[in-house]
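Single-letter residue listing:
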Amino acid sequence: KMLYSFTKKDVGPVKREPWMVASSDVAPKLLISTSPDWYAKAVWFHGVNEDFGSFEYTPAIKAKVDKILRGAVDEMDSVSRLTHWCADEIRYSGISMGEGEGYTLHKGEMTFTDRCGVCKDKAGMLVTMLRAAGFESYPAMTMAGSRIDYIPADQFNHSVTVVKLSDGEWHLLDPTWVPFLRELWSSAEQQQNYLMGIPGGSDLAITPISPAENHYLKILGSSSVHEDGTLEGEITLEAEGQSDGSIRGLFTRSSKDRWKQNLEGQIKNTHPLAEITTTEYADPYDYMAGPIKIKISYRIPDFAIVTDENIIFIPFVASRIFTRGMAHMYHNTGIEKRNYAFRDRCSRMVHLQEKIALPDNMEFSIKYAPEADTFATETASFEGKYELNENTLLLDEKLSLNKRIYEAEEWPDYRKAVMAQKKFAEEAVIIRLK
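Heads up: these notes are all about the structure in this document. As a convention, each chain's residues are numbered from 1 in the sequence order in which they are written. Under the rules for a predicted model, residues below a pLDDT of 70 receive no local features and side-chain atom pairs below 80 are neither given nor counted, while totals for whole chains, interfaces and linings still include all residues. In computing side-chain values, all of the structure's heavy atoms are included and hydrogens and water are not.

### Some points on unusual backbone geometry
In this structure, D10 is a non-glycine residue whose phi angle is positive, near 55°. Each helix is a run of DSSP H or I of at least 4 residues and each strand a run of E of at least 2, with the numbering of both proceeding from the N terminus. With respect to the helices, strands and loops of the structure, D10 is situated in the segment before α1 (38–52). The cut-offs for exposure are 20% and 50% of the maximum accessible area for each residue type, with area from a 1.4 Å probe on protein chains only; residues under the lower value are buried, those over the upper are exposed, and the others partly exposed. Looking at D10, the relative accessible area reads 82%, which means it is exposed. We note that F180 has phi near 55°; this positive angle belongs to a residue other than glycine. With respect to the helices and strands, F180 occurs in the loop between β5 (170–173) and β6 (193–196).

### Describing the pattern of salt bridges
Put simply, a salt bridge is a Lys or Arg side-chain nitrogen that is within 4 Å of an Asp or Glu carboxyl oxygen. By the definition in use, this model includes 17 salt bridges. The closest approach of N and O atoms between K62 and D66, which form a salt bridge, is 2.8 Å. Of this pair, K62 and D66 both sit in helix α2 (residues 59–68), separated by four residues, roughly a single helical turn. Overall, K62 belongs to the partly exposed group, its relative accessible area being 29%. A relative accessible area of 39% means that D66 is categorised as partly exposed. A salt bridge links K295 to E234; its shortest N-O distance comes to 3.8 Å. Within this pair, whereas K295 is found in strand β11 (residues 292–300), its partner E234 is found in strand β9 (residues 231–239), the two being separated by 61 residues in sequence. Connected through salt bridges with shared partners, the residues K29, R147 and D149 form a single ionic network.

### What to know about the pairing of strand β3 (residues 136–142)
The element β3 is largely enclosed, with a buried count of six among its seven residues. Should DSSP find at least two bridges between two strands, the strands are taken to pair. For β3 and β6, the ladder comprises three bridges, and the chain directions are antiparallel. When the sheet's bridge partners are listed, T142 is paired in β6 with Y194.

Encoded structure:
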């Protein structure tokens, strides 16, 4: 026997910071492995599942695959259909199945019969169905929520799927994280390490950054301020990617009898007096038809302060509506300096526009409007402005946050962009009557 002893002196406590990365990413830790390298680890993972027969498909599975793919126009359409079937139809159920747990994936036949399982069951079901459809597919291991250090030890808590397409490249799929989501691989998993269990093994890899514009949230508003301070108008919201998933979750993550309440809550949380007059949206479960679009008409009494000299208000679209799709608005920007890396839910772009008609038969000028520096870096960007065109006030602001995981030194740019949007959301415009 050999006895190994590991010691480290003067280990201080890690002072947690809001939204910081996992403690295991910054605190001392010990990793031990009997694998000589990642390739050996990947070969082992591939072998235990192939030897067990995890991905053998039955006639019933083949028949279901053929039915799902009926009418598919190309390979990506086929992969998308199978991925979303496994995501939506295999319920996540975190229960122990007894012997064979761990890194051995349960057989597709069992998951197909039970219609439930954990991440490895959903991933294994997708591998099985892709193979039944003629694709080359294998499982992969990853670590959701923290970094995998480059030591071939067991640092995994999640299982996903890879498929090789006609371009000769391996593509990541995650049926666990994309139920009712338009992506096939969740961009909430960008900058995340993974290891593919393919023949011959593979090296540790990391998922790429997803551009902010792939996860846009756009709100376009048209409104009118009346002489008594009432605001009437409508907004059109459109979202894609992870922003789509956040907004669509108002419907898909709750029962239908709560849809109206959930939707109105995104406005009433900021404007309790708001009266929602009409709402329009397509079937939320038909998520592959296109990005989610919601149209809302509203009326808000006592919205603006109207005096003999001024009209004072925060434009409706600039205020904190639909922050469900803007997780950055919950960040504590009072922190001036960070010691550790931090994370957001996903990269994203937010574009807010509104045309506000002021009362007729009056002349106006802008007495005060919030301003923020226009800037753009690799980390973040912001631009925003107000313009007055006769009796119409125009708002236009655009923010981009370009990653999911940021280094501590990137906090100033991230903070600057978020503070700029918060400033537009919190400071009123003052319109002077001439």
